[in-house]
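A structural walkthrough
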Amino acid sequence: MTSLISSRIARAGALLGLSLFLACQPQAPVVVPQAPPPQVQPPAPPKPQGPPPKPKIALVLGGGAARGFAHIGVIRALEQEKIPVDLVVGTSVGSLIGAIYAADRNSFELEWTAFQLQKEDLFDFGVISTVAGMGFAKGDKLETWVKGHIRPANIEQLKIPFAAVATDLNWGQKVVLDRGSVARAVRASSAIPGVFQPVQHMGKILVDGGVVDNIPISVARAKGADLVIAVDISANVGNTDITNLLGVSLQAANIMFALNVEHSKKDADVLISPAIGDVGTLDFTQKKRCMEAGIVAAQQAMPAIRQAIDKWVAARMAAATPQP
């Protein structure tokens, strides 16, 4: 009995000793798994509000008499390529073609109307005007033709905002005609000095706008144009067939117009120059050729026009996007 008790006591002691031994051993730290840190998503770029902005595009049409039929081709190409025209500014024949287009915003109607125009519709030559007046032609015929072919009587009624540019003969200042009679504005803007008599309008004596600005880009800028597409038809003023006083007057005007274009055309975003340099100032037999040259020149300029529009839109969208 005594031996049985001793055996049990010994076993209990052994177990107690083992427990004490194990308790004295260093314990490995208990690793509690950590939750991964929350992922911080970068803020989404702001979505553009509404459609992208659109630039205000001005079409500036320079002077050049019969060469002005090239403007028709340029306008047709712009219309076919869906390039919007928000403002038209014209000098001399550019004011005539521009006013016809601004009245209807339709290149086919423009072509139909303009192709009816003949030299005899513009020049009412007379002995009295030449001898006693201030020009070979009075200009009444031109004004009458415009009244008969452009329905809106006043510039404010045109479908596209429009301005014709003339020159104050007394003070040599540029005059912007953007209200009042369409016909009188076109007549004044087209009154080539020495060829047409000056025009009394808005309290001034006016002559052709080409005297001071044959490609009035600055006028379009002043009227808020973001982009300016300008059409220059003044290239190549050479003329060896000058035989009378009228020819002298026209050639002197051409030289003057071409020289001031060289200064101002650099300010256009896109400059279109149809290849019609050999067409005479009063050669109305080249209408179709001039128009086709305008189409070709405008089509060649189309990549530059689209690039200018895209660049403007990208810059405005970047400026409107909040910075992080």
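What comes next concerns the included structure.

Reading the values: rules and limits
Residues numbered from 1 in each chain as written. Predicted model: local features only at pLDDT ≥ 70, side-chain atom pairs only at ≥ 80, totals over all residues. Heavy atoms only, no water. Helix = DSSP H or I, 4+ residues; strand = E, 2+ residues; numbered from the N terminus. Buried < 20%, exposed > 50% of the residue type's maximum accessible area, 1.4 Å probe, protein only. Contact = heavy atoms within 4.5 Å. Areas by Shrake-Rupley, 256 points an atom, 1.4 Å probe, with all protein chains shown as cover. Core = buried A, V, L, I, M, F, W, Y, C linked by side-chain atoms within 4.5 Å. Patch = residues over 30% accessible without salt bridge, like charges linked within 9 Å, V, L, I, M, F, W, Y side chains within 5 Å. Salt bridge = Lys/Arg side-chain N within 4 Å of Asp/Glu carboxyl O. Pairing = 2+ DSSP bridges. Phe/Tyr/Trp six-rings, centres within 6.5 Å; stacked < 30°, edge-to-face > 60°. Axes fitted to C-alpha atoms, helices over the stretch in contact; angles between N-to-C directions. Parallel < 35°, antiparallel > 145°, perpendicular 65-115°, else oblique. Left-handed = near helix turned anticlockwise from the far one by under 90°. Nonpolar A, V, L, I, M, F, W, Y, C, P; charged D, E, K, R; others polar. Polar contact = N/O pair within 3.5 Å; in protein donor to acceptor, adjacent residues only side chain to side chain.

1. Some words on the overall build of the protein
Broken down by element type, the protein carries eleven helices and ten strands. Relative to its 324 residues, the protein shows a buried fraction of 45%. Counting contacts in the protein only where the partners sit at least 6 residues apart, residues at least 24 apart contribute 76% of the total. When the accessible area of the protein is evaluated, it comes to approximately 17700 Å², of which 60% is carbon and sulfur surface.

2. Things to note about the nonpolar core
Among the nonpolar cores identified, the biggest contains 78 residues, and L78, V146, I272 and I305 are the most heavily contacted of them. It is helix 11 (residues 287-320) that contributes the most residues to this core, 13 residues altogether. Ignoring any residue separated from it by four or fewer positions in sequence, one finds I272 in contact with V74, I229, A230, V231, D232, A297, A298 and A301. Among the nonpolar cores identified, the runner-up in size contains 15 residues, and V60, I215, A225 and A230 belong to it.

3. Thoughts on a nonpolar patch on the surface
Side chains of I242, L245 and V248 sit close together on the surface and give an oily, nonpolar patch of about 260 Å² of accessible area. Inspection of the secondary structure assignment puts V248 in helix 10 (residues 245-264).

4. Things to note about the pairing of strand 2 (residues 87-91)
Across the five residues of strand 2, five count as buried, placing the element largely inside the fold. Residues L87, V89 and T91 of strand 2 are buried on one face, and the alternating residues V88 and G90, pointing to the opposite face, are buried as well. In this structure, strand 1 (residues 57-61) lies alongside strand 2, joined through four bridges in parallel fashion. Its bridge partner being in strand 2, V60 is matched across the sheet by V89. Where strand 2 lies against strand 4 (residues 162-168), four bridges are found, and the strand directions are parallel. Bridge pairing in strand 4 places V89 opposite A163.

5. Some points on the packing of aromatic side chains
Taken as a whole and judged by the stated rule, the model has two aromatic pairs. Each ring, one from F69 and one from F115, has its centre 5.8 Å from the other, and the planes form 75 degrees; the classification is edge-to-face. Of this pair, F69 sits in helix 2 (residues 69-80) while F115 sits in the loop between helix 4 (107-114) and helix 5 (119-122), placing them 46 residues apart in sequence. Owing to a relative accessible area of 25%, F115 belongs among the partly exposed residues under this scheme. Both rings, one in F69 and one in F284, keep their centres 5.8 Å apart while their planes meet at 80 degrees; by these two values the pair is edge-to-face. Of the two residues, F69 is situated in helix 2 and F284 in the loop between strand 10 (270-272) and helix 11; the sequence distance between them amounts to 215 residues. Aromatic rings pair up to connect F69, F115 and F284 into one cluster.

6. Some remarks on the pairing of strand 9 (residues 227-231)
Side chains on a regular strand alternate between the two faces of the sheet. Burial runs high along strand 9: five of the five residues are buried. Alternating residues of strand 9 divide into L227, I229 and V231 and V228 and A230, and every residue in both groups is buried.

7. Comments concerning the packing of helix 2 against helix 11
Where helix 2 contacts helix 11, the two axes come as close as 6 Å, and the packing angle between them is 40 degrees. The angle between helix 2 and helix 11 falls in the class oblique. The chirality of how helix 2 crosses helix 11 is right-handed. Two secondary-structure elements touch here, helix 2 through F69, A70, I72, G73, V74, R76, A77 and L78 and helix 11 through K287, C290, M291, G294, I295, A298, Q299, M302 and I305. Residues that form the contact of helix 2 with helix 11 fall into these classes: twelve nonpolar, three polar and two charged.

8. Digging into unusual backbone geometry
Even without glycine at this site, K82 takes up a positive phi of about 60 degrees. Structurally, K82 is set in the loop between helix 2 and strand 2. Unusually for a residue other than glycine, M202 sits at a positive phi of about 55 degrees. Position of M202 relative to the elements: it lies in the loop between strand 7 (199-201) and strand 8 (204-208).

9. Quick word on the pattern of salt bridges
A full pass over the atoms with the stated rule returns 14 salt bridges. E292 serves as the salt-bridge partner of K288, at 3.6 Å between the closest nitrogen and oxygen. Here K288 pairs with E292, and both are found in helix 11, just four residues apart, close to one helical turn. Within this structure, K138, D140, E143, K147, R184 and R187 form a network of salt bridges that share partners.

10. A word on the side chain of S234
For S234, the position within the fold is in the loop between strand 9 and helix 10. At a separation of 2.6 Å, a polar atom in the side chain of S234 contacts the side chain of D232.

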